[in-house]
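Remarks on the overall topology
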Amino acid sequence: MKFFLRRSIAGALAAIVLCCGCAYNGAKRMMPEESGAIAEQGNAESADRTGKSAAKPWQYADIAMGTVVQQTIYAKDETAAADFSGKAMEMLARLEREEISWRLDTSEVYRANGAAGSKEGVLLSEDMAALLENCQELWERSEGAFDVTLGAVTRLWDIDKWAAGETVEGFLPPAEETLAQALDTCGSQKMLLVWEAPAAEASSAGNPTRLFLPEGTQLDLGAVGKGFAMEKLCSLLAEHPHVTGAVISLGGSILTYGSKPDDSPWRVGIVNPFDTSASIGILTLEGQWCISTSGDYERYVDLDGVRYHHILDPKTGSPAVSDVRGVTVLMKDSLLSDGLSTACYILGPEKGMTLAEQYGAEVLFVMADGKLEMSDGMEQYFKRL
Ligand code: ADP
Ligand code: MG
């Protein structure tokens with residue numbers, strides 16, 4: 001097994017000023033190279049007539065999956081960039097509506113939750129079956145720290161509806177007994193995924209899978225939905241050869257893809273949990289990467305000196321108590337980078353790094369005392385500011 005050198009980097013935080021033209025309010029901030037205010041008109045004028053990408057990107061910002069989506073697109077021309085950007089937004093809205101939302105009655109997750117306790121269970125799409133299978137494996141490998149069956153508990157807290165640091169009147173943690181009852185319904189071992197024999201003509205599409213959940217058990221894919229979406233964005237990008245480079249930010253997750261016309265690397269800032277308007281360091285990356293961050297500063301309510309945030313410890317059903325303020329996972333594969341960052345937040349650096357290693361992921365922890373701990377592979381990409 002590869003030995004991870006954990007390096008603690010102490011030191012005062014350097015004050016930095018980012019001159020971003022766009023209001024990036026996700027968990028990360030891109031540096032001016034990717035996010036500077038670039039007039040679309042200027043881009044159109046500078047488009048290369050030889051068919052290469054324009055030197056500067058087109059930028060789009062919109063809302064999907066309950067978060068701000070920022071797209072920085074290098075493409076042959078404005079039409080190609082706008083075409084991709086529009087399709088990406090449609091796809092994200094469709095994913096939310098048809099697959100992962102637990103609130104919308106049009107989604108697969110909603111139907112699965114509605115079928116909890118039924119004898120028939122629910123037939124899953126191939127995508128959802130693969131996603132849940134991966135989630136179950138992550139639950140096992142994280143010793144239960146990551147658990148998509150926490151739905152009954154996350155609904156009791158419902159912290160996602162509060163913006164970070166909002167002053168909330170009337171917020172009350174759930175009563176102990178209510179919490180204990182909801183916690184009884186959780187545990188990913190309760191997710192029974194049964195492969196059905198495929199019809200002969202359907203064999204190439206893989207075996208259909210049926211999900212059985214016991215009465216009361218509810219799915220919440222909040223910790224992995226953006227990873228799922230990033231995977232779909234990668235496929236969509238591959239279908240758009242006129243898009244030669246992109247950085248897409250989905251709240252706490254960022255996808256880099258392709259390259260810039262001048263081949264300079266992507267530079268992605270990691271938000272500083274102690275000052276969320278600044279970056280604590282920069283990742284310098286080439287080509288396709290997925291970067292996911294989880295932290296207790298993303299969505300929380302402060303009450304009587306206690307911070308109630310949105311990452312729950314499945315052992316207690318309450319916000320995880322941790323020395324970690326933020327975790328960033330870097331990996332080529334998108335699907336689980338999101339889930340891994342949530343798991344690593346709960347597990348902390350030692351167990352988190354062992355888990356990340358199993359997925360070939362690099363990980364960076366920002367600790368409550370301001371120190372950083374990272375996998376040795378992370379060091380070649382990350383520079384503290
Ligand atoms: P964000 O959604 O802000 O990117 P995360 O990816 O860390 O943050 O996911 C947090 C969300 O995942 C919560 O809002 C909740 O819906 C769900 N969740 C909370 N705790 C867990 C957990 N231990 N395992 C799986 N999902 C969780
Ligand atoms: Mg996550």
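Structure first, text after, so check above.
Conventions used here
- Residues numbered from 1 in each chain as written.
- Chains lettered and ligands numbered in written order.
- Predicted model: local features only at pLDDT ≥ 70, side-chain atom pairs only at ≥ 80, totals over all residues.
- Heavy atoms only, no water.
- Helix = DSSP H or I, 4+ residues; strand = E, 2+ residues; numbered from the N terminus.
- Areas by Shrake-Rupley, 256 points an atom, 1.4 Å probe, with all protein chains shown as cover.
- Expected span 1.5 Å × (residues − 1).
- Buried < 20%, exposed > 50% of the residue type's maximum accessible area, 1.4 Å probe, protein only.
- Polar contact = N/O pair within 3.5 Å; in protein donor to acceptor, adjacent residues only side chain to side chain.
- Pairing = 2+ DSSP bridges.
- 1 Å grid on protein atoms, 1.4 Å probe; cavity = no way out; pocket = protein on both sides within 12 Å on 5 of 7 lines; lining within 4 Å.
- Points joined across faces, edges and corners; volume = space filled by probe spheres on them.
- Nonpolar A, V, L, I, M, F, W, Y, C, P; charged D, E, K, R; others polar.
- Donors = N, O, S within 2.8 Å, 3.2 Å for Na, K, Ca; no water.
- Near = heavy atom within 4 Å.
- Axes fitted to C-alpha atoms, helices over the stretch in contact; angles between N-to-C directions.

Observations regarding the overall build of the protein chain
Looking only at helices and strands, the protein chain features nine helices and 19 strands. Total accessible area on the protein chain is roughly 17000 Å²; 50% of this is exposed by carbon and sulfur atoms.

Re helix α3 (residues 78–100)
Compared with an ideal rise of 1.5 Å per residue, which puts 23 residues at 33 Å, α3 spans 31 Å between its outermost C-alpha atoms and is within 8% of the ideal. Those residues of α3 that fall on the buried side of the exposure criterion are A80, A81, F84, S85, A88, M89, M91, L92, L95, E99 and I100. Two to three positions downstream of the cap, the backbone nitrogen of T79 sits 3.2 Å from a side-chain oxygen, assigning the N-cap of α3 to D77.

So, the pairing of strand β3 (residues 67–75)
Most of β3 is tucked away: eight of the nine residues are buried. Here strand β2 (residues 58–64) folds back onto β3, and the loop between the two strands holds two residues, one of which, M65, carries a positive phi near 50°. Sheet analysis places β3 next to strand β7 (residues 243–250), joined by seven bridges and oriented antiparallel. Bridge assignment links T72 to a residue of β7, and that residue is V247.

Some details on helix α8 (residues 225–238)
Turn by turn, an α-helix covers 3.6 residues, leaving residues three or four places apart pointing in a common direction. The end-to-end C-alpha distance of α8 is 20 Å, a good match for the 20 Å that 14 residues give at a rise of 1.5 Å each. Most of α8 sits out of view: eleven of its 14 residues are buried. Residues G225, K226, G227, F228, A229, M230, K232, L233, C234, L236 and L237 constitute the buried set of α8.

A short note on empty space enclosed by the protein
Rolled over the atoms, a probe as big as a water molecule pinpoints where empty space is left. What the rule picks out here adds up to one cavity of 30 Å³ or more. Its boundaries defined by the atoms lining it, the largest cavity holds a volume of some 30 Å³. In terms of lining residues, the largest cavity is bounded by I270, V271, P273, T293, Y297, G326, V327, T328, L364 and V366. At the level of secondary structure, the elements contributing two or more residues to the lining of the largest cavity comprise β9 (266–272), β16 (324–331) and β17 (362–367). Sort the elements by how many residues they give to the lining of the largest cavity and β16 lands first, with three residues. Taken together, the residues of the lining of the largest cavity break down into seven nonpolar, three polar and no charged.

Side note on the coordination of the magnesium ion (ligand 2)
Donor atoms from the polypeptide that coordinate the magnesium ion (ligand 2) comprise A223 (O), D338 (O), D338 (OD) and T342 (OG1), at 2.3 to 2.7 Å from the metal. Positions of the donor residues of the magnesium ion (ligand 2), expressed as sequence spacing, correspond to A-x114-D-x3-T. With D338 and T342 both in helix α9 (residues 337–358) and four residues apart, this pair spans about one turn of that helix. Judged on exposure class, the residue D338 and its partner T342 are both buried.

A word on the site of ligand 1
The environment of ligand 1 is made up of 19 residues, and the closest members are D160, D220, S294, H310 and L312. Here an oxygen atom of ligand 1 and a side-chain polar atom of S294 are 2.8 Å apart. Side-chain polar atom of D338 to an oxygen atom of ligand 1: 3.0 Å apart, as the coordinates give it. Protein burial of ligand 1: of its 560 Å² of free accessible surface, 96% is covered by the chains. Of the residues forming the shell around ligand 1, the biggest block, three residues, is contributed by α9. Per-class residue counts for the shell around ligand 1 are eight nonpolar, five polar and six charged.

Considering the sheet that holds strand β4 (residues 122–124)
Ordered by their spatial adjacency, three strands build an open sheet running β4-β6-β5, and the pairing between neighbours is antiparallel. Each having just a single partner strand, β4 and β5 (192–195) make up the two edges of the open sheet. Looking at each pair of strands side by side, their axes are set apart by 35° on average, direction ignored. Bridging between β4 and strand β6 (residues 209–212) involves three bridges; their strand directions are antiparallel. Note that in β6 the partner of L124 across the bridge is T209.

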